[in-house]
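Structure at a glance
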Amino acid sequence: MEVDREYMALALKLAEIGYGFTWPNPAVGAVIVRNGRIVGIGYHRRKGEDHAEVLAIKDARGLTEGATMYVTLEPHSFYGLVPPCTDAIIKAKIKRVVIAMLDPNPKVSGEGVRILRENGIDVTLGVMEKEAKFLNRFFYKFHRHKKPYVILKMAVSLDGFVADINGNSKWISNLESRKLVHKMRGEVDAVMVGRKTLIRDNSLLTPRHVFPARVPVRIVSGRNFSKDIFHLDFFKEGGEKWILTTEDAHIQNTPTDVKIIRYGRREIDFNAFLDYMKGKEMLSLLVEGGPRLASSLLKQGVVDEIIIFKSSRILGSGIPVFQINNKNLAGEFSLYETAEIGDDVMLRYIKNGTLD
């Protein structure tokens, strides 16, 4: 029903407000409607605080009997840091609950719907499910597929180069695009860049120009780290820093606040590294590497999403965006959305099956 989509769209907008702040919980929004009017709204703010459903019930101030609740994720049904939301919904005498998606967490996974229906509440599933899964794609991938979600971000010129012939790549994209990337950094668990890109750009990889939801772990990957690299700004900045390298790589004079992680021999085993992240309950990784790192990740099949910021600049010649042979990316990824970011165009591709 179009009315259901209208209210669910509002619930999704509410959920977005808490996006990144709720880690490792999902972002959830809820709207309560009675007799065609919105009487309560809520969104999950942080782990350990009231969930969206409870906040919406409180906001309704007793006007919940016979009402309909729209919620972006199946209400949870177990005692954790907060009581079950299903209990609150039943107590509020809500008549109907419209849910965008089932909770992939095996602790819930249909149990919330079962409890609501057993208590006489009409439940509708799947309204704007695609949008809800995308919003909580980190949470969904982690619980459904048991791996962190990997985003590969690339900035390319209009003619398809990530850097000029000399390797210079700074500011291919515009300021608005760079601000959006900083926002992304503040929403993920970790940000990674390749060694050569770090040396060339001297990037901090910190979320700046925005109010970040949190500060990610910053990772540089590669081999053959000389002591000169540790003079870069990346290593002078505070916060958690990792070097991801191979088992046989020799690294000298590592700063005491830098953690060295080794997977693979001649090349980094990114699948094993993602298992390591999973063990630390890290749900997401943003990769801002160059073509070599991008190609390694794509060859190993660990990329879930590709974001390309296509600039209006023309370089004429340079380093191509991908360096992959015999790899049919078009068959593996589908265009999810495009957006104009100033005079740049953002293209977002998602790997087929990731959100199934």
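Residues numbered from 1 in each chain as written. Predicted model: local features only at pLDDT ≥ 70, side-chain atom pairs only at ≥ 80, totals over all residues. Heavy atoms only, no water.

1. Let's talk about the pattern of salt bridges
Side chains bearing opposite charge may pair, as long as their charged atoms lie close to each other. For the coordinates displayed, the defined rule picks out 20 salt bridges. Put simply, Arg 348 and Glu 337 hold a salt bridge, and the shortest N to O gap is 2.6 Å. With Arg 348 in strand E16 (residues 344-351) and Glu 337 in strand E15 (residues 333-341), this pair connects stretches of sequence that are eleven residues apart. Looking at Glu 337, the relative accessible area reads 27%, which means it is partly exposed. Overlapping salt bridges bring together Arg 137, Glu 305, Glu 337 and Arg 348 as one network. (Salt bridge = Lys/Arg side-chain N within 4 Å of Asp/Glu carboxyl O. Helix = DSSP H or I, 4+ residues; strand = E, 2+ residues; numbered from the N terminus. Buried < 20%, exposed > 50% of the residue type's maximum accessible area, 1.4 Å probe, protein only.)

2. Digging into the pairing of strand E2 (residues 37-43)
In terms of strand pairing, strand E1 (residues 29-34) meets E2 through six bridges, oriented antiparallel. In the sheet register, Arg 34 faces E2, and the bridge partner there is Arg 37. Here E1 hands over to E2 after two residues, with Asn 35 in that stretch at a positive phi of 50°. (Pairing = 2+ DSSP bridges.)

3. Regarding a nonpolar patch on the surface
Among the surface-exposed residues, Leu 10, Ile 38 and Ile 41 lie close enough to one another that they form a single nonpolar patch of about 220 Å² accessible area. Topologically, Leu 10 is positioned in helix H1 (residues 2-17). Residue class for Leu 10 comes out partly exposed when judged on its relative accessible area of 31%. (Patch = residues over 30% accessible without salt bridge, like charges linked within 9 Å, V, L, I, M, F, W, Y side chains within 5 Å. Areas by Shrake-Rupley, 256 points an atom, 1.4 Å probe, with all protein chains shown as cover.)

4. Focus on the packing of aromatic side chains
Overall, the coordinates contain eleven aromatic pairs when judged by the stated rule. With a centroid separation of 4.4 Å and an interplanar angle of 15°, the aromatic rings of Phe 134 and Tyr 336 are classed as stacked. Of this pair, Phe 134 sits in helix H5 (residues 129-135) while Tyr 336 sits in strand E15, and the two are 202 residues apart along the sequence. Under the relative-accessibility criterion, Phe 134 is labelled buried at 13%. You can call Tyr 336 partly exposed: its relative accessible area is 23%. (Phe/Tyr/Trp six-rings, centres within 6.5 Å; stacked < 30°, edge-to-face > 60°.)

5. What about the pairing of strand E6 (residues 149-156)?
The element E6 is extensively covered by neighbouring structure, given that seven of its eight residues are classed as buried. When E6 meets strand E12 (residues 284-287), the two strands line up parallel, connected through four bridges. In the sheet register, Leu 152 faces E12, and the bridge partner there is Val 287. Of the strand pairs in this sheet, E6 and strand E13 (residues 305-310) are connected by six bridges, and their pairing is parallel. Of the residues in E13, the one forming a bridge with Lys 153 is Ile 307.

6. Overview of the sheet that holds E13
Pairing is mixed in the open sheet, where nine strands are placed in the order E11-E10-E9-E8-E12-E6-E13-E16-E15. The two strands at the open ends of the sheet, each matched to only one other strand, are strand E11 (258-262) and E15. This sheet shows a mean twist of 20° between the axes of neighbouring strands, independent of strand direction. Bridge count between strand E8 (residues 190-194) and E12: three bridges; the pairing is parallel. Bridge pairing in E12 places Ala 190 opposite Leu 285. (Axes fitted to C-alpha atoms, helices over the stretch in contact; angles between N-to-C directions.)

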